[in-house]
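Residues per chain, in single letters:
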Amino acid sequence: MSNHSWLTQVKKYRAIAVIRASKLELGRQMALAMASGGIKFIEITWNSANAYELISKLRSELPNSIIGTGTLLNLEHIYQAISAGAQFLFTPHVDPMIIQAAVAENIPIIPGALSPTEIVTAWNHGATCVKVFPVQAVGGASYIKSLQGPLGHIPLIPTGGVTLKNAQEFLQAGAIAVGLSSELFPKQFVETENWQAISQQAKTLVNTCLIRD
């Protein structure tokens, strides 16, 4: 998937489900529930159990979903993730070498940044867009809004503090999409394997992120 195509799709669907799972089958069920609930973008964190195998399996099982990975910390992770079939890459930090490696492979790369300096640095090195993380630590949606004046040309995806209740605030503040993790997977639902209830969480997020005129 090209950078342009990925950006077009993420601006349309505006929600990314982030899955961190301790077992492969658990991660698979979580992903299936997200897809069932209408989530198009699914990120499997690289520190999930058997992440490589899980990504490969989901690419086959969910052909209509866009499966990527995150928590990538070095170049070895990047190339392994690409080999697994990841369609987009998230990192928690800004590393020019990682960004340039992904650009060379023509795969969307979304580095994590917090300060304006980090955000601009990531963008100038070729980031597809920038993950603002952890956004709640610096004011949440109001921080995204304050960045729009000087940095409105840089597409931002806040994570780390986005909830079902405040997701719309981030989008209204100027974010092109939001990333949610534990908020989509309440502990009691996961422990009881209540995938229908988890799928409903996904549906709620999809409804929240619908573009409203």
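Residues numbered from 1 in each chain as written. Predicted model: local features only at pLDDT ≥ 70, side-chain atom pairs only at ≥ 80, totals over all residues. Heavy atoms only, no water.

(A) Looking closely at the overall build of the protein. The helix and strand tally for the protein stands at 10 helices and 9 strands. Along the longest, intermediate and shortest principal axes, the C-alpha atoms of the protein span 45 × 35 × 30 Å. For the protein, buried positions account for 51% of its 213 residues. With the model as given, the accessible surface of the protein reaches about 9,400 Å², and the carbon-plus-sulfur share is 51%. Put simply, the protein has 15 plus and 13 minus side-chain charges, and the middle of one group is 8 Å from the middle of the other. (Helix = DSSP H or I, 4+ residues; strand = E, 2+ residues; numbered from the N terminus. Buried < 20%, exposed > 50% of the residue type's maximum accessible area, 1.4 Å probe, protein only. Areas by Shrake-Rupley, 256 points an atom, 1.4 Å probe, with all protein chains shown as cover. Lys, Arg positive; Asp, Glu negative; His and termini not counted. Charge placed at Lys NZ, Arg CZ, Asp CG, Glu CD.)

(B) Up close: the side chain of Thr-45. In this structure, Thr-45 sits in strand E2 (residues 41–45). Residue class for Thr-45 comes out buried when judged on its relative accessible area of 0%. Side-chain polar atoms of Thr-45 contact the side chain of Ser-48, separated by 2.9 Å. Filtering out sequence-adjacent residues up to four positions away, Thr-45 remains in contact with Val-18, Ile-19, Arg-20, Ala-51, Thr-69, Gly-70 and Thr-71. (Polar contact = N/O pair within 3.5 Å; in protein donor to acceptor, adjacent residues only side chain to side chain. Contact = heavy atoms within 4.5 Å.)

(C) Local environment of the packing of aromatic side chains. Per the stated rule, a full pass over the model turns up 4 aromatic pairs. Ring plane angle 50° and centroid distance 5.5 Å describe the contact between Trp-6 and Phe-88, whose orientation is recorded as tilted. Here the residue Trp-6 occupies a position in helix H1 (residues 3–13), and Phe-88 occupies one in the loop between helix H4 (75–84) and strand E4 (89–90), the gap between them amounting to 82 residues. A centroid spacing of 6.0 Å and a plane angle of 55° characterise the contact between Phe-41 and Phe-88, whose relative ring orientation is tilted. Taken as a pair, Phe-41 in strand E2 and Phe-88 in the loop between H4 and E4 lie far apart in primary sequence, 47 residues in all. Per residue, the accessibility class of Phe-41 equals that of Phe-88, and both read buried. The rings of Trp-6, Phe-41, Phe-88 and Phe-90 are connected pair by pair, giving a single aromatic cluster. The residue whose ring lies beneath Lys-131 is Phe-133, and the NZ or CZ to ring-centre distance is 4.7 Å. (Phe/Tyr/Trp six-rings, centres within 6.5 Å; stacked < 30°, edge-to-face > 60°. Lys NZ or Arg CZ within 6 Å of the ring centre and 35° of its normal.)

(D) View of the layout of surface pockets. Reported here for the largest pocket is a volume of approximately 290 Å³. In terms of lining, the largest pocket is formed by 18 residues, of which the most central are Val-18, Phe-133, Thr-159, Gly-160 and Ser-181. Counting only elements with at least two residues in the lining of the largest pocket, the list comes to E2 and strand E9 (178–180). Looking at the lining of the largest pocket residue by residue, the classes come out as 5 nonpolar, 9 polar and 4 charged. (1 Å grid on protein atoms, 1.4 Å probe; cavity = no way out; pocket = protein on both sides within 12 Å on 5 of 7 lines; lining within 4 Å. Points joined across faces, edges and corners; volume = space filled by probe spheres on them. Nonpolar A, V, L, I, M, F, W, Y, C, P; charged D, E, K, R; others polar.)

(E) Here's a closer look at the pattern of salt bridges. Summed over the entire model, instances satisfying the criterion amount to 3 salt bridges. The partner of Glu-25 in a salt bridge is Arg-28, with the nearest N and O atoms 2.8 Å apart. Here Arg-28 and Glu-25 lie together in helix H2 (residues 24–36), a separation of 3 residues that amounts to about one turn. Across the pair Glu-61 and Arg-28 runs a salt bridge, and its minimum N-O distance is 2.7 Å. Here Arg-28 lies in helix H2 and Glu-61 lies in helix H3 (residues 51–61), a separation of 33 residues in the sequence. Residue class for Glu-61 comes out partly exposed when judged on its relative accessible area of 33%. (Salt bridge = Lys/Arg side-chain N within 4 Å of Asp/Glu carboxyl O.)

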